[in-house]
Amino acid sequence: MTAVHIPGVPVIDAGQLVSTSPATGAEAGRLPVATDADVREAVDRARAAGEWWAGLGFTGRRKRLLRWRALLAERIEQLAELVHVEGGKSVADAIVEIVTAIEHIDWAARNAGRVLGPRRARSRLILAEFSAHLEYQPYGVVGVIGPWNYPVFTPIGSAAYALAAGNAVVLKPSEYTPAVGQWLVDSFAEVVPEQQVFTAVHGLGDVGAALCRSGVDKLAFTGSTATARKVMAACAETLTPVLIEGGGKDAMIVDSDADLDAAAEACVWGGMTNAGQTCIGIERVYAVDAVFDAFVDKVVARAGRLTVGPEGTDIGPITMPTQIDVIRRHIDAAITSGGRAVLGGPSAVQPPYVHPTVLVDVPEESAAVREETFGPTLTISRVRDADEAVSRANALSYGLGGSVFGRRRAVAIARRLRSGMASINSTLTFAGMSTLPFGGVGDSGFGRIHGEDGLREFGRSKAITRRRARSLLPSMTFDRTPTDVARLVKVIKTMYGRNG
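These figures come from a predicted structure and were not determined experimentally.

**Focus on the overall build of the chain**
Phase 1 of the analysis: Within the chain, the regular secondary structure consists of 17 helices and 21 strands.
Phase 2 of the analysis: The C-alpha radius of gyration of the chain comes to 26 Å, within 12% of the 23 Å expected for a compact globule of 500 residues.
Phase 3 of the analysis: In terms of its C-alpha atoms, the chain occupies a principal-axis envelope of roughly 85 × 65 × 40 Å.
Phase 4 of the analysis: Buried positions account for 56% of the 500 residues belonging to the chain.
Phase 5 of the analysis: The long-range fraction of contacts in the chain, counting pairs at least 24 apart against all pairs at least 6 apart in sequence, stands at 70%.
Phase 6 of the analysis: Accessible surface, the chain as shown: approximately 21,100 Å² in total, 54% of it carbon and sulfur.
Phase 7 of the analysis: Each charge class in the chain can be summarised by its mean position, and for the 54 positive and 53 negative side chains these summaries are 13 Å apart.

Quick look at the structure:
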């Protein structure tokens with residue numbers, strides 16, 4: 001008997017994970033569900049492949065990663081169409097996502113040797129007889145649990161950097177976008193056919209839990225804060241180190257000297273691209289009193305022009321059907337508590353779509369302000385000044401990204417945001433900046449992907465010292481004499497005492 005498929009909801013049918021379009025219900029992929037034993041076997045195979053991969057060195061890995069980058073660039077339309085069909089994202093948004101991922105593969109491949117390779121470290125006087133050097137060695141096998149909202153960009157943000165560092169990778173894609181995850185693995189295998197360096201396991205949440213307990217040497221997770229806690233608990237059983245990107249409720253601050261047209265354009269993009277299903281998406285806006293009314297008018301005008309639908313539109317369907325209930329609840333709560341919908345509102349929720357909604361006068365204690373919505377909605381609040389805006393922006397436990405629009409005080413305001421990232425006079429741009437680290441604080445997680453910090457996240461630092469001469473100040477030996485100790489004390493007082 002064939003299972004009944006609710007559009008967009010993944011189901012298990014005869015041992016296969018079936019993925020469907022949230023817009024049309026058309027089947028997008030059918031992949032074998034991994035058992036616990038399958039996951040362990042995948043990790044064991046990856047460990048053997050990882051030894052070969054690490055042995056290629058930075059030069060060999062760079063060559064192959066750049067071939068993968070080229071393959072993704074050549075097939076960008078094909079991958080974008082799959083992302084569109086499986087997750088509902090517009091093709092244009094999918095292309096932007098893939099372009100950003102390609103940039104990260106390129107940067108990681110080209111810079112891994114420089115960042116992680118052996119380098120000398122300076123000795124200090126007390127141990128001047130030793131030379132020192134530092135290097136970063138691969139962990140071995142890195143597990144990656146990816147999300148559905150950015151099924152190319154986000155897993156690659158971990159996987160490409162882990163691969164460049166010399167690790168093998170086992171990916172567990174979201175059950176909502178398994179076909180995209182398998183496409184990435186299959187494309188990598190075309191350019192690296194020798195060993196299964198990058199593989200995937202598929203299934204529901206229990207498969208992710210099995211990957212946490214499978215013996216991977218590190219695990220990178222992106223998803224909700226609630227699931228992140230479960231991942232950490234599972235990994236804690238074996239002291240497996242984790243990198244966590246949790247949820248977000250990012251804020252934009254619009255100061256009195258902001259370019260309001262630019263701020264409105266960026267606000268609508270930052271809040272409603274990918275139907276608002278973006279961890280670093282703008283969900284809250286704090287505009288100072290002097291510009292509040294004009295800014296709201298400009299946002300409403302821009303957001304009101306966005307088109308919604310399955311094909312050729314700005315905003316596609318909500319990928320997870322259950323998320324529609326969350327979005328509806330937040331809109332209703334905002335209005336019930338005294339807020340107003342100046343665009344959209346309860347009638348904007350038309351499953352599987354949600355039309356752009358802009359809410360004002362929403363109390364700070366409302367779920368629409370305090371909880372992650374993950375839909376094309378914005379709350380815009382009037383504040384006295386930038387200080388009040390910063391205070392409100394920092395009041396939540398989340399701390400992923402943020403945005404500031406202004407001139408004179410913008411940099412100072414951005415520095416005060418309790419977040420891992422901030423953009424000034426733009427939104428989301430730090431995600432595409434391959435030279436910068438990406439990650440959050442608080443309930444938004446810890447650890448970093450991207451940039452030099454992202455490469456180091458996937459390598460164990462190894463410090464090595466080597467004796468090159470006899471000790472002038474012998475201390476770390478039982479052969480030291482009272483005279484040696486007295487001389488050591490005298491040197492320390494001279495170097496580090498009040499007159500040193």
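Now, onward.
**A closer look at the sheet that holds strand E16 (residues 357-360)**
Phase 1 of the analysis: Ordered in space as E13-E16-E17-E12-E11-E18-E19, the seven strands form an open sheet in which the pairing is mixed. At either margin of the open sheet sits one strand with a lone partner, and together these are strand E13 (340-343) and strand E19 (423-424).
Phase 2 of the analysis: Pairing analysis gives four bridges linking strand E11 (residues 250-254) to strand E18 (residues 402-405), with the strands arranged parallel. Among the inter-strand pairings, Val 254 is bridged to a residue of E18, identified as Phe 405.
Phase 3 of the analysis: Lying over the sheet, helix H9 (residues 260-272) contacts E11, strand E12 (282-288), E16, strand E17 (377-383) and E18, oriented at roughly 170 degrees with respect to E11.
Phase 4 of the analysis: In the packing of helix H11 (residues 323-336) onto the sheet, the strands contacted are E13, E16 and E17, and the crossing angle to E16 comes to about 30 degrees.

**A short note on the nonpolar core**
Phase 1 of the analysis: One finds Trp 68, Phe 198 and Leu 219 to be the most contacted residues of the largest nonpolar core, which totals 89 residues.
Phase 2 of the analysis: For this core, the leading source of residues is helix H4 (residues 91-116), giving eleven residues.
Phase 3 of the analysis: Among residues more than four places away in sequence, those in contact with Phe 198 are Trp 68, Ala 159, Leu 163, Val 169, Leu 171, Leu 184, Val 185 and Phe 188.
Phase 4 of the analysis: Counting residues in hydrophobic clusters, the runner-up holds 53 residues, among them Ala 258, Ala 266, Val 383 and Ala 393.

**Re the packing of aromatic side chains**
Phase 1 of the analysis: One pass over the structure, following the stated rule, counts nine aromatic pairs.
Phase 2 of the analysis: Seen from their ring centres, Trp 148 and Phe 374 are 5.7 Å apart, and the 85 degrees between their planes marks the pair as edge-to-face. Taken together, the residues Trp 148 in the loop between strand E6 (141-145) and helix H5 (153-164) and Phe 374 in the loop between helix H12 (367-370) and E17 connect sequence positions 226 residues apart.
Phase 3 of the analysis: On the basis of relative accessible area, Phe 374 is assigned to the buried category, the value being 7%.

**Let's talk about helix H8 (residues 225-236)**
The periodicity of an α-helix, 3.6 residues per turn, causes residues three or four positions apart to be oriented the same way.
Phase 1 of the analysis: For H8, which comprises twelve residues, the first-to-last C-alpha distance of 16 Å matches the rise-based estimate of 16 Å (1.5 Å per residue) to within 8%.
Phase 2 of the analysis: Those residues of H8 that sit buried are Thr 225, Ala 228, Val 231, Ala 234 and Cys 235.
Phase 3 of the analysis: In this structure, the buried side of H8 is in contact with E6, helix H7 (205-212), strand E9 (218-222) and strand E10 (242-245).

**Observations regarding the sheet that holds strand E4 (residues 119-121)**
Phase 1 of the analysis: Taken in spatial order, the three strands of this open sheet run E4-E5-E21, and their pairing is antiparallel. Each having just a single partner strand, E4 and strand E21 (459-467) make up the two edges of the open sheet. If you compare each strand with its neighbour and ignore which way they point, the axes differ by 35 degrees on average.

**Details of the side chain of Ser 381**
Phase 1 of the analysis: In this structure, Ser 381 sits in strand E17.
Phase 2 of the analysis: When its relative accessible area of 6% is taken as the criterion, Ser 381 is described as buried.
Phase 3 of the analysis: Beyond its immediate stretch of four places on either side in the chain, Ser 381 contacts Val 285, Tyr 286, Ala 287, Phe 292, Val 362, Glu 364 and Arg 392.

**Structural notes on unusual backbone geometry**
Phase 1 of the analysis: Cis geometry marks the peptide bond from Pro 351 to Pro 352; its omega dihedral reads 5 degrees.
Phase 2 of the analysis: The residue Pro 352 is located in the loop between strand E14 (349-350) and strand E15 (353-354) in this model.
Phase 3 of the analysis: Although it is not a glycine, Ala 275 adopts a positive phi angle of roughly 55 degrees.
Phase 4 of the analysis: Checked against the element boundaries, Ala 275 lands in the loop between H9 and E12.
Phase 5 of the analysis: Look at Ala 275 and you get buried, because its relative accessible area is 2%.

**Notes on the pattern of salt bridges**
Phase 1 of the analysis: Applying the stated criterion to the full structure yields 29 salt bridges.
Phase 2 of the analysis: Across the pair Glu 194 and Arg 64 runs a salt bridge, and its minimum N-O distance is 3.6 Å. Of this pair, Glu 194 sits in the loop between helix H6 (178-191) and strand E8 (198-200) while Arg 64 sits in helix H2 (residues 57-74), and the two are 130 residues apart along the sequence.
Phase 3 of the analysis: Between Asp 293 and Arg 382 there is a salt bridge, and its shortest N-O distance comes to 3.1 Å. Taken together, the positions of Asp 293 in helix H10 (residues 289-304) and Arg 382 in strand E17 put the pair 89 residues apart, joining distant regions of the chain.
Phase 4 of the analysis: On the accessibility criterion, Asp 293 (45% relative accessible area) is partly exposed.
Phase 5 of the analysis: A network of salt bridges, in which partner residues are shared, links Glu 364, Arg 384, Asp 385, Glu 388 and Arg 392.

Scoring rules and cut-offs
Residues numbered from 1 in each chain as written. Predicted model: local features only at pLDDT ≥ 70, side-chain atom pairs only at ≥ 80, totals over all residues. Heavy atoms only, no water. Helix = DSSP H or I, 4+ residues; strand = E, 2+ residues; numbered from the N terminus. Rg over C-alpha atoms; globule rule 2.2 N^0.38 Å. Buried < 20%, exposed > 50% of the residue type's maximum accessible area, 1.4 Å probe, protein only. Contact = heavy atoms within 4.5 Å. Areas by Shrake-Rupley, 256 points an atom, 1.4 Å probe, with all protein chains shown as cover. Lys, Arg positive; Asp, Glu negative; His and termini not counted. Charge placed at Lys NZ, Arg CZ, Asp CG, Glu CD. Pairing = 2+ DSSP bridges. Axes fitted to C-alpha atoms, helices over the stretch in contact; angles between N-to-C directions. Core = buried A, V, L, I, M, F, W, Y, C linked by side-chain atoms within 4.5 Å. Phe/Tyr/Trp six-rings, centres within 6.5 Å; stacked < 30°, edge-to-face > 60°. Expected span 1.5 Å × (residues − 1). Salt bridge = Lys/Arg side-chain N within 4 Å of Asp/Glu carboxyl O.

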